[in-house]
Amino acid sequence: MSRLAERHVRDHLERPEWPPGAVIGGVDTHKHIHVAAVCDPLGRVLASDTFPTTTAGFKALLRFLRAHGQLAAVGIEGTGCWGGGLARWLATRDVHVVEVDRPNRQARRRRGKSDTIDAEEAARAVVAGRARTVPKTGTGPVEMARQLRVARRSAIKQRTQALLQLQALADTAPDDLRDTVKKLRYAQLIATAARFRPGELTTPSAAAKYAMSALARRIQHLDAEIEGLDAHLKTILTAAHPALLAAHGVGPDTAGALLVAAGDNPERLVTEQAFAALCGASPVQASSGNTHRHRLNRGGDRQANSALWRIVLVRMKTHPPTRDYVTRRTAEGMAKRDIMRCLKRYVAREIYHHINPTPPAVAHLRLVSPIPVTTGEAALSTA
């Protein structure tokens, strides 16, 4: 696809054309209430109101928006948190939902901050085309994986904390007990401490044994919990995306992080460049005047960025094409961290095509060309 066509697509997306009589909604979401505002296609506020975060409140909010005209779209702030329920509820009723980022801080300082202002700004962001991201649906296997990953991450943190506390108790235990347990490795220490039966707590040694036994049994319980979560996570991801898990260096944990970043509807990421930016693996323009350069992207989903880094690390050790690339780039004088950044960008491109196998050029043809989709697909298959 030519750069001119890509620019045409981008301009088309950035300048939405609203039908006559259309209205656009904006919602500032909270735990117990949602504040909604409705604007016309020129960004003029027509009305605003507050609704509870219940099914009855969702129905009242939708009636409020539709009472002012033909509802073209609704911009919702916080679709990954308190706005997720409303976004899913509206999507099931054929309402076009747009994810809206938090308002600009400079604009907030100039205008002040209130829930009504935030709702109005959400609607205006949709009207102007600044907000156009389709939110995650959260209704499929990726949402299931996200929930399991939340529990897994919590269990790992608790296990690490308990293990450090167990080691600290072993290092500071009374002399007779410390001489027995201090020399043990982690696995041996956990197994030994779990077998402690101190009896009545009448001495510091007995209290230390009781505390160490409690921590060791907690670690064993968390080990079993993590193992069960990993098994369920692998089963879900293997059934949903077997090709992704078959890629070199990709495991259930890294695949889960990347899929959670993309969501259950990866088609919302129309290009692999968008996915790379989402993962923080795309270079950012930092040019000015006669200086033309790019800088490191410190944004995006950091868990997905970490997953790309781990995949690259594995491939640098066990993947011959990657090893050859590293050798060539090192001979050219490139630093290892810069090589890894390049590799993360290449891996993001590969992962995107595993997650979203539909060629993005087909979606572009639907926007910029009158060619029928079937003809465009045939042309792509013979190119």
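Computed from a prediction, not measured in an experiment: that's the story for all the values here.

(A) Summary view of the overall build of the chain. Helices and strands together make up the secondary structure of the chain, namely 17 helices and 7 strands. Within the chain, the proportion of its 383 residues that are buried is 39%. For the chain, restricting intrachain contacts to residue pairs at least 6 apart in sequence, the fraction spanning at least 24 positions comes to 60%. Accessible surface computed for the chain: about 21,600 Å², of which carbon and sulfur atoms make up 54%.

(B) Just the packing of aromatic side chains, in detail. Counted by the stated rule, this structure contains 4 aromatic pairs. Between Phe51 and Phe64, the ring centres sit 5.5 Å apart and the planes meet at 50°, which makes this aromatic pair tilted. Taken together, the positions of Phe51 in strand E3 (residues 45-52) and Phe64 in helix H2 (residues 55-66) put the pair 13 residues apart, joining distant regions of the chain. When its relative accessible area of 13% is taken as the criterion, Phe64 is described as buried.

(C) Representation of the side chain of Thr254 within the structure. As for its placement among the helices and strands, Thr254 is situated in helix H11 (residues 252-262). When near neighbours in sequence (up to four residues on either side) are disregarded, Thr254 contacts Gly249, Ala307, Arg310 and Ile311.

(D) Layout of a positive patch on the surface. On the surface, Arg102, Arg105, Arg109 and Arg110 cluster together to form a positively charged patch. Assignment of secondary structure puts Arg110 in helix H4 (residues 105-111).

(E) Representation of unusual backbone geometry within the structure. One non-glycine residue, Asp94, lies in positive phi territory at about 60°. Among the secondary structure elements, Asp94 is positioned in the loop between helix H3 (84-91) and strand E5 (97-100). When its relative accessible area of 74% is taken as the criterion, Asp94 is described as exposed.

(F) Geometry of the environment of Val38. By secondary structure assignment, the location of Val38 is in strand E2 (residues 33-39). Taking the relative accessible area as the measure of exposure, Val38 reaches 0% and is therefore buried. Put simply, Val38 and Gly26 are 12 residues apart on the chain and 6.2 Å apart in space, counted from C-alpha to C-alpha. Not counting residues up to four positions away in its chain, the partners in contact with Val38 are Val23, Ile24, Gly25, Arg44, Val45, Leu46, Ala47, Phe64, Leu65 and His68.

(G) View of the confidence of the model for the chain. Considering every residue of the chain, the mean pLDDT works out to 86; 89% of them sit at 70 or more. Scored below 50 in pLDDT, residues 361-383 makes 18 contacts in the model with residues more than four places away or belonging to other chains.

(H) Broad picture of the environment of Trp18. The topology assignment puts Trp18 in the loop between helix H1 (3-14) and strand E1 (22-29). Given the relative accessible area of 22%, Trp18 is considered partly exposed. For the pair formed by Trp18 and Pro41, sequence separation is 23 residues and the distance between their alpha carbons is 6.4 Å. For Trp18, the residues in contact, after removing those within four places along its chain, are Ile24, Pro41, Ala72, Ala73, Val126 and Val127.

(I) Expanded view of the sheet that holds E2. Pairing within the open sheet is mixed, and its 5 strands lie in the order E3-E2-E1-E4-E5. Among the strands making up the open sheet, the edge pair consists of E3 and E5. Each adjacent strand pair in this sheet contributes to an overall mean axis angle of 25°, direction not counted. Pairing between strand E4 (residues 70-77) and E5: 4 bridges, direction parallel. Within the sheet, the bridge partner assigned to Glu77 lies in E5 and is Val100. Along the sheet face, helix H5 (residues 115-128) touches E1, E2, E3, E4 and E5 and points at about 135° away from the line of E1.

Cut-offs used in this document
- Residues numbered from 1 in each chain as written.
- Predicted model: local features only at pLDDT ≥ 70, side-chain atom pairs only at ≥ 80, totals over all residues.
- Heavy atoms only, no water.
- Helix = DSSP H or I, 4+ residues; strand = E, 2+ residues; numbered from the N terminus.
- Buried < 20%, exposed > 50% of the residue type's maximum accessible area, 1.4 Å probe, protein only.
- Contact = heavy atoms within 4.5 Å.
- Areas by Shrake-Rupley, 256 points an atom, 1.4 Å probe, with all protein chains shown as cover.
- Phe/Tyr/Trp six-rings, centres within 6.5 Å; stacked < 30°, edge-to-face > 60°.
- Patch = residues over 30% accessible without salt bridge, like charges linked within 9 Å, V, L, I, M, F, W, Y side chains within 5 Å.
- Salt bridge = Lys/Arg side-chain N within 4 Å of Asp/Glu carboxyl O.
- Lys, Arg positive; Asp, Glu negative; His and termini not counted.
- Charge placed at Lys NZ, Arg CZ, Asp CG, Glu CD.
- pLDDT = per-residue confidence, 0-100.
- Pairing = 2+ DSSP bridges.
- Axes fitted to C-alpha atoms, helices over the stretch in contact; angles between N-to-C directions.

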